[in-house]
Number of protein chains: 4
Amino acid sequence: MRGRTDLAVEMKEDIQSDEPIKGVHVMTKNNGDTDIKEVRIVVEDEDGAMRLGKPIGTYITLESEHLREHDEGFHQPMMEVLCKHLKEFIGMKRKIMVAGLGNREVTPDALGPYVIDNLYVTRHLLKEGIISQSIEVSAIAPGVMAQTGMESSVILKALVKEIRPDLLIVIDALAARESDRLNKTIQLADTGITPGSGVGNHRNAINKESIGIPVLAIGVPTVIAVPTIVNDAMDVMVSALGKQATKNVLKKFNEEERYQLACEMVTPYLENMFVTPKDIDEAVKRISYTISEAINQATQA
Amino acid sequence: MRGRTDLAVEMKEDIQSDEPIKGVHVMTKNNGDTDIKEVRIVVEDEDGAMRLGKPIGTYITLESEHLREHDEGFHQPMMEVLCKHLKEFIGMKRKIMVAGLGNREVTPDALGPYVIDNLYVTRHLLKEGIISQSIEVSAIAPGVMAQTGMESSVILKALVKEIRPDLLIVIDALAARESDRLNKTIQLADTGITPGSGVGNHRNAINKESIGIPVLAIGVPTVIAVPTIVNDAMDVMVSALGKQATKNVLKKFNEEERYQLACEMVTPYLENMFVTPKDIDEAVKRISYTISEAINQATQA
Amino acid sequence: MRGRTDLAVEMKEDIQSDEPIKGVHVMTKNNGDTDIKEVRIVVEDEDGAMRLGKPIGTYITLESEHLREHDEGFHQPMMEVLCKHLKEFIGMKRKIMVAGLGNREVTPDALGPYVIDNLYVTRHLLKEGIISQSIEVSAIAPGVMAQTGMESSVILKALVKEIRPDLLIVIDALAARESDRLNKTIQLADTGITPGSGVGNHRNAINKESIGIPVLAIGVPTVIAVPTIVNDAMDVMVSALGKQATKNVLKKFNEEERYQLACEMVTPYLENMFVTPKDIDEAVKRISYTISEAINQATQA
Amino acid sequence: MRGRTDLAVEMKEDIQSDEPIKGVHVMTKNNGDTDIKEVRIVVEDEDGAMRLGKPIGTYITLESEHLREHDEGFHQPMMEVLCKHLKEFIGMKRKIMVAGLGNREVTPDALGPYVIDNLYVTRHLLKEGIISQSIEVSAIAPGVMAQTGMESSVILKALVKEIRPDLLIVIDALAARESDRLNKTIQLADTGITPGSGVGNHRNAINKESIGIPVLAIGVPTVIAVPTIVNDAMDVMVSALGKQATKNVLKKFNEEERYQLACEMVTPYLENMFVTPKDIDEAVKRISYTISEAINQATQA
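Residues numbered from 1 in each chain as written. Chains lettered and ligands numbered in written order. Predicted model: local features only at pLDDT ≥ 70, side-chain atom pairs only at ≥ 80, totals over all residues. Heavy atoms only, no water.

J.: Just to check I follow, could you spell out the packing of helix α7 (residues 152-163) of chain C against helix α7 (residues 152-163) of chain D for this structure?
T.: Angle between the axes and distance between the axes: these two values describe a pair of packed helices. The geometry of α7(C) relative to α7(D) is characterised by a closest axis approach of 8 Å and an angle of 120° between their N-to-C directions. Compared by their axis directions, α7(C) and α7(D) come out oblique. Along this stretch, α7(C) crosses α7(D), giving a crossing that reads as right-handed. Taking contact as the criterion, the partners of C:Val154, C:Ile155, C:Lys157, C:Ala158, C:Leu159, C:Lys161, C:Glu162 and C:Ile163 in α7(C) are, on α7(D), D:Val154, D:Ile155, D:Lys157, D:Ala158, D:Leu159, D:Lys161, D:Glu162 and D:Ile163. Tallied by class, the residues present in the contact of α7(C) with α7(D) amount to 10 nonpolar, no polar and 6 charged. (Axes fitted to C-alpha atoms, helices over the stretch in contact; angles between N-to-C directions. Helix = DSSP H or I, 4+ residues; strand = E, 2+ residues; numbered from the N terminus. Parallel < 35°, antiparallel > 145°, perpendicular 65-115°, else oblique. Left-handed = near helix turned anticlockwise from the far one by under 90°. Contact = heavy atoms within 4.5 Å. Nonpolar A, V, L, I, M, F, W, Y, C, P; charged D, E, K, R; others polar.)

J.: What is the right way to look at the packing of helix α3 (residues 75-90) of chain B against helix α12 (residues 280-299) of chain B in this model?
T.: All names here are of chain B. Two numbers describe how α3 lies on α12: the axes approach to 8 Å, and their chain directions differ by 45°. Classified by the interaxial angle, the pair formed by α3 and α12 is oblique. Seen from above, α3 lies across α12 with right-handed handedness. Residues His75, Met78, Met79, Leu82, Cys83, Leu86, Lys87 and Ile90 of α3 form the contact with α12, whose own contacting residues are Arg286, Ile287, Thr290, Ile291, Glu293, Ala294, Ile295, Gln297, Ala298 and Thr299. Tallied by class, residues from the contact of α3 with α12 come to 11 nonpolar, 4 polar and 3 charged.

J.: Explain the pattern of salt bridges to me, please; I cannot follow it from the model alone.
T.: Should the charged atoms of two oppositely charged side chains come close, the side chains can pair. Residues and elements named next belong to chain B. Evaluated as defined, the whole model comprises 56 salt bridges over all chains. Linking lysine 184 and glutamate 65 is a salt bridge whose minimum nitrogen-to-oxygen distance equals 2.4 Å. Placement of lysine 184 in the loop between β6 (167-176) and β7 (185-189) and of glutamate 65 in the loop between β3 (57-63) and α3 is noted, with a sequence separation of 119 residues between them. Residue class for glutamate 65 comes out partly exposed when judged on its relative accessible area of 44%. Where aspartate 117 meets arginine 104, a salt bridge forms, and the shortest distance between an N and an O atom there is 3.1 Å. In this pair, aspartate 117 is assigned in helix α4 (residues 111-117) and arginine 104 in the loop between β4 (95-100) and α4, connecting sequence segments 13 residues apart. (Salt bridge = Lys/Arg side-chain N within 4 Å of Asp/Glu carboxyl O. Buried < 20%, exposed > 50% of the residue type's maximum accessible area, 1.4 Å probe, protein only.)

J.: Looking at this model, I keep getting lost on the side chain of C:Thr5. Mind explaining?
T.: Residues and elements named next belong to chain C. Within the secondary structure, threonine 5 sits in the segment before α1 (8-14). Among the residues examined, threonine 5 registers a relative accessible area of 9% and is labelled buried. Within the structure, threonine 5 has its side chain in polar contact with the backbone nitrogen of leucine 7 (distance 3.0 Å). Side-chain polar atoms of threonine 5 contact the side chain of glutamate 10, separated by 2.6 Å. (Polar contact = N/O pair within 3.5 Å; in protein donor to acceptor, adjacent residues only side chain to side chain.)

Function-wise, these values are silent; they only describe arrangement.
Rendered as structure tokens:
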């Protein structure tokens, strides 16, 4: 493992092999005349899940240089591609709850709450007969545990039990490994959110198993974990020091040990930190808008 | 009725009589050497509830000129009096959920969410063993129906069912009738929140009956309803026009009919409006801080 | 005068006459196949200024039912019409400063600061050679006097002296008289902003005279003053009371006296209040976005 | 140099010598029975400035573990010590402008704007005769260049020219080198703010030379620069690799070259990133409040 990432495409890159991975199916395509690159990774069985380190399911990554840019015009194509995929996931479902995870007060973590701010919510309008002919949309920005004292999974489970939607869409800010992926990638996953390695049973997972209905996760990488940065630096340093100097030493460390070393290098206080771009405010505002508009279009008649 | 109000003290003022009201007990006191005036209204039975237009229960109103002022120093006495009352309500209860109702994006309605922002939440710290020896505090700012598509009562009922606190404290911005009461009054009510006239059964009530556990409501009047303003203006106008001119006309209207008239005078669009002071941002920020500090102190060992 | 308004179209309505007003030229047109109604009022001389109660200059009002609606799609036509007018005002000017007046913390007054949030600012990019070929745009949200201790006019005068733009665009939330105009009207005025009656010399004016360069004001009515509401209610009441009852009394009051009466009816505290719709958060967010996008398009090469 | 820092105490630590530094005077004391450690560094002449890498002037660092904690009670002692120092700096000055630098939308950079939010501003109240007997306080949160297109120094110079205060206090978030200093240190400097190495002439400096009046800077380290983290990791790695392996290689790099290497290791995109704690929202809110209260108390009669 080369540092924590929430992106299936980055997990895939770890497996340095040109051979196809058993149980993992990868397809790449470009979207017509847009610059949007689409990677679809399907984890087909437990074998594939073990190999990739991600639960069984489908992961779609949409990537566009333009997503990072100011011009709202560039966001239109991404919105349309995202909307198309959402419609596919939604299918015949008629009651959707959208949950914007994260902390509104910490800029790179505010993506989820910002999406909720721009959502066109219809549940109450349908119930009151003000509109008809629409998918029922309810929404919540539950806050983070430091604000609520409750795991998001517990809050969402309680609400789903009461409201009984047939699809839960969760929006969350993600961590990436490559700084170059920040704020220009959107990942869709029908596996929901599984904290940690993604394999095994987790108390705080937000997925079909824990919530009881299909969960679609939409995520955008907005931060890098500190150990990841340090790990990258080590690689460069090893090159800088020269093969001569390090050849005996390097034998001592395999990839996992080196990441462990990176973690040890950062003090406990540093582990509770994150790395994010200086223009994160602009990026989060724009991308959250793209996502909420895509959901609005996908759920309106 | 002389215009919508959420304050028991203003309901009481409607009953223009020096005689004691059957089933309603009123006590007034000043708090030591502070300027805080305290009115305790106890609605003892259904008879009293009918007369006052408020459900059976205890309503405590704390009022201080200083609450409207900038100097944080003046907030200390109010915080202490509020804390004392909270401790009384809390008694031996050990698990508290605090809900900050209202819309964070509309200044006079942001009181509830702002209180949550400054709360010291402990549920997760107790569960993880990071602290011991504290009342368990969880918190939520559920948002308003236009943002979530769900009634706050439904969200809170679901969370209470899951988390099982033994007291729910709801914070909400209120409407007053007298502009002079805005931002200097805090009302505590062990009846929770009962929209509408307060008598009868209500789908959206947040009280012991609907939620299943005791509900303490903390409210601060931050707005006046538009019909209230118009109604007040009518009174002044009637005087201005002179008894001569209106004496025959006035016979036609009793108090309730006159309020009805005030409502008719304001177009449907105006009914969806509110009146609030220009310095509402400062007021809401300060009072929300006073309330959250009082809760913090009342819940710490 | 029938209650305070910042809209030239409402001032015009006061003059109840079908005859053309000397010195005031009014043109109305519809914009192609959109629903946008456009009223252009030109105050040609001091005579017209006296009659209308607005300084000499051009006032363009754009009005659209759709501006109040959720669907972003409906904002596109308004954005384009606004952009067209902006380009006309800008003409050959190459250095523009945009000032977002108002208080970010009070929802209906946050229009100006929100416009600045979404603006594409270029002054620093041009100076650093990162871009070329664009109009130079600088921007400021100066805050209100209660936050800064300084009049906005003083702050802007100081900045204009230093930065030397050749056009100042000021964005501000306005007061209207008709609740029906809130959040669906945009007014452009090449007279800048002149607090009060608009006639005479004013210390706090933000106009060519005080700032030294042309000032274009873009305003949206988001609030109604409390005396206006009361005044309207009086009209309805007079009707309700019947001609019989009030005919002798009414003789005592002309229009101005009646507005004076309305002001007296509201206590001093009420005068410092405003009336605004409950969904003001959504409205301000959407319209500010429409305005900032129009400025962005009008200033890009 | 061991990585970018804005703190004089960290610059001092670079000079690994027990001998006194010529031209730099250092005094350390504890504040009575509080836990507040105070370090006063006086750079006496150009010689000292060269050695320390900071302009001639006085730097006071206040450090307290408690500043990072939730309990508002712990902030009272820091507020008082800060207030005492502010009064000393203010002396007989009677007109103060406070500038909250930074970007309100990026959490660790919002310290300056948040301080302005809680300030008690008096300039307009004194001018209008509402209060007398107070120091004149004006305030501005100018925003960052990406929002305004203007350097903060240019905006402040223009305002000082117009308003003519006799002291400018600038509040800004700083970068530290040690993660352990984040959010528990307050630095006061009578040198103002000098971007870059602090020696020489700088276009964007905000100091007596550029602004024309004394400038007091109050700063709190809230972020670490990415190269600093990498540099620290290199140190640990060199130890981990063992002296044997690196002794020949290390000869090639002196301290400055190693920092250069750290910068090269991080891609250009990474250089535009920062590292900050996950609980930065709480920390910035609390410390900004401590600072604004200290200014409020120091400027009231």
